[in-house]
Amino acid sequence: MPDLLANERAEGPLRAGADLFDVVIVGAGLSGVGAACHLRRKCPTKTIAVIEARNAIGGTWDLFRYPGVRSDSDMSTFGYSFRPWDRPTAIADGRSIVEYIRKTAQEFGVDRLVRFGHRLTRAAWDSRASSWTLDIERDDGAPVRLACRFLYMCAGYYDYDHGYMPGWPGMERFAGLIVHPQDWPANLDCAGKRVIVIGSGATAVTLIPALAETAAHVTMLQRSPTFVAARPAEDPIAAWLLKNLPAHAALALTRWKNIALQMYFYRLARRKPEKARAALLKLAQGEVGAGFDAAAMFDAPYNPWDQRLCLAPDGDLFRAIREGKAAVVNGEIETFTEAGLALRSGERLEADVIVTATGLIVRLLGGAELVVDGGIVEVGKRMTYKGVMLNGIPNFAFAIGYANASWTLKCDLSAEYICRVLSHMDRRGYTVATPEAKEGSISEDPTLPLNSGYVQRARALLPKQGAKQPWRMNQNYALDLLAFRFSAIEDGVLAFKRRATAKAAA
């Protein structure tokens, strides 16, 4: 493509002073680093830039600093396919994940491509130039402008600046400290303190056993129960394989073993939800012991996998409850008081620290405005093509992971697919690739098939799915493996143009 790039620099309404790249990746977190590594491996001649609003590589895993922060999927599938996780831990802490991402970036030279403190504010596609113009604000307030042939959004799906806080009456009256996990103070020490954690999702399930190690007592306050499953923090089968097989074979077998188990248990839960519910509650009861009612704490009002299943490595949450260091209370907050919380049931809970583990604010594209030929794009009215591109948006991709398995599994496959598309365009002399949908094919199904609070609050913002493939987003790694690696690039839906055609159309 170098000759095409030379033409782009010489022709078209190219923005004064804008550097032009083949691909710009937005975000230097898990998916952004992965996408850049795939491009370096599969498309080595491409010019690439990675822009990152923050000043560090790591994304979510560098942002979240609350006690106990860890993966909620096994690392054999959460790690990259091209650089397997080779430690014995199946569930890793946040610091280890950040280190893994950064070492991966260094190994593939991606760390040298990142422009830190660069926040994308507007991305505008111009069909006459067959390129994107990116308006960027540096963290010192200075404006920067870049241009690219292909834009790859890997900025995550939530607001990095603020977590979701529903707000309750009387919060100003509380004499203690109120903190959101997304903004955890570096100097906060909960040793010897009474702590209430409001919430029942993965963050709360992670926080509570970590806080319970030193706190006087921790109470998990949830409006309704959630499903929690214990699993070993270290995978004994993986350990055996690593001891008895060459490392590459052991790591590959472990990864595929866990992929197969994820798919099996998800399908079982969706096909036989009551059996799955009964099995989860039986396991939870065995973990907390006869002195507790597991159903009261963990029998969710939804079916398994309507929301992500929360994991407790080595049953740490159950152990904290069993040992009396933590308790689970179901109830609605009436008001904050000077000493803690008053519930609608009349119960009062006292605390020195209240943690509002109430979720995320969905913020797509890092908050940037997306424009195509002068028209502002409403992402919530677009459909996902194979869960990686959007209908009517040229030379554009986004990273989103699975709802029922490791995030990275999907991001790995979609990055491989984008490399296939770019290589195909090079071979055929194409300059533009756009998924084109027929009228009436859109449905109201959101991209993330969960009824979690953050998904429901953002339903209008999330891109939609179509009535059939390739406009459906699979929640199945095996199906995606076939679709991304082996399906025809020119499938009658992804439309291509050469530069002469694009100019004529303009």
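Thresholds applied
Residues numbered from 1 in each chain as written. Predicted model: local features only at pLDDT ≥ 70, side-chain atom pairs only at ≥ 80, totals over all residues. Heavy atoms only, no water. Helix = DSSP H or I, 4+ residues; strand = E, 2+ residues; numbered from the N terminus. Expected span 1.5 Å × (residues − 1). Buried < 20%, exposed > 50% of the residue type's maximum accessible area, 1.4 Å probe, protein only. Contact = heavy atoms within 4.5 Å. Phe/Tyr/Trp six-rings, centres within 6.5 Å; stacked < 30°, edge-to-face > 60°. Patch = residues over 30% accessible without salt bridge, like charges linked within 9 Å, V, L, I, M, F, W, Y side chains within 5 Å. Areas by Shrake-Rupley, 256 points an atom, 1.4 Å probe, with all protein chains shown as cover. Salt bridge = Lys/Arg side-chain N within 4 Å of Asp/Glu carboxyl O. Pairing = 2+ DSSP bridges. Axes fitted to C-alpha atoms, helices over the stretch in contact; angles between N-to-C directions.

**Q** Looking at this structure, how should I read helix H8 (residues 247–271)?
**A** Counted at 1.5 Å a residue, the expected span for H8 with its 25 residues is 36 Å, and the 36 Å between its end C-alpha atoms agrees. Ala250, Leu251, Thr254, Arg255, Asn258, Ile259, Gln262, Tyr266 and Ala269 are the residues of H8 that are buried. Packing partners of the buried residues in H8 comprise helix H4 (75–78), helix H7 (236–244), helix H9 (273–288), helix H12 (407–428) and helix H14 (477–485).

**Q** I'm lost on the packing of aromatic side chains in this one. Help?
**A** Between two aromatic rings, the relevant description is the distance of the centres plus the angle of the planes. Under the counting rule described, the total for this entry stands at 22 aromatic pairs. Measuring from ring centre to ring centre gives 4.8 Å for tyrosine 158 and tyrosine 160, while their planes differ by 20°; the resulting arrangement is stacked. Judged by its relative accessible area of 7%, tyrosine 158 is buried. Between the aromatic rings of tyrosine 264 and phenylalanine 265, the centroid separation amounts to 5.2 Å while the plane-to-plane angle is 65°, which identifies the pairing as edge-to-face. A relative accessible area of 48% means that phenylalanine 265 is categorised as partly exposed. Aromatic rings pair up to connect Phe64, Tyr66, Tyr157, Tyr158, Tyr160 and Trp407 into one cluster.

**Q** Whenever I open this one, H12 confuses me. Can you help?
**A** Note that an α-helix has 3.6 residues per turn; residues three or four places apart therefore point the same way. Given a rise of 1.5 Å per residue, 22 residues ought to cover 32 Å, and the 32 Å separating the end C-alpha atoms of H12 matches this to within 8%. Counting buried positions along H12 yields 17 of 22 residues, so the element is predominantly enclosed. Following H12 by one or two positions, glycine 429 has its phi on the positive side, about 75°.

**Q** What should I look at first to understand a nonpolar patch on the surface in this one?
**A** On the surface, Leu261, Tyr264, Phe265 and Leu268 cluster together into a nonpolar patch covering about 390 Å² of accessible area. Tracing the sequence through the fold places phenylalanine 265 in helix H8.

**Q** Which parts of the structure should I look at to understand the sheet that holds strand E15 (residues 348–350)?
**A** Adjacent strands of a sheet form backbone hydrogen bonds with each other and so pair up, either parallel or antiparallel. Read from one edge to the other, the open sheet built from 3 strands follows the order E13-E14-E15, with strand pairing classed as antiparallel. Two strands lie at the open edges of the sheet, namely strand E13 (333–336) and E15, each paired on one side alone. On average, each strand axis in the sheet is tilted by 20° relative to the strand beside it, whichever way the strands run. Here 3 bridges tie E13 to strand E14 (residues 340–343), and the two strands are oriented antiparallel to one another. Across the sheet, isoleucine 333 pairs through a bridge with leucine 343, a residue of E14.

**Q** What is the right way to read the sheet that holds strand E8 (residues 194–198) from this model?
**A** Read from one edge of the open sheet, 5 strands run E7-E16-E8-E9-E12, paired in parallel fashion. The outermost strands of the open sheet, each flanked by one partner alone, are strand E7 (177–179) and strand E12 (326–330). Each strand axis lies, on average, 20° off the axis of its neighbour in the sheet, ignoring direction. Taken strand by strand, helix H6 (residues 202–212) contacts E8, strand E9 (217–222), E12 and strand E16 (353–356), and its axis lies near 165° from that of E9.

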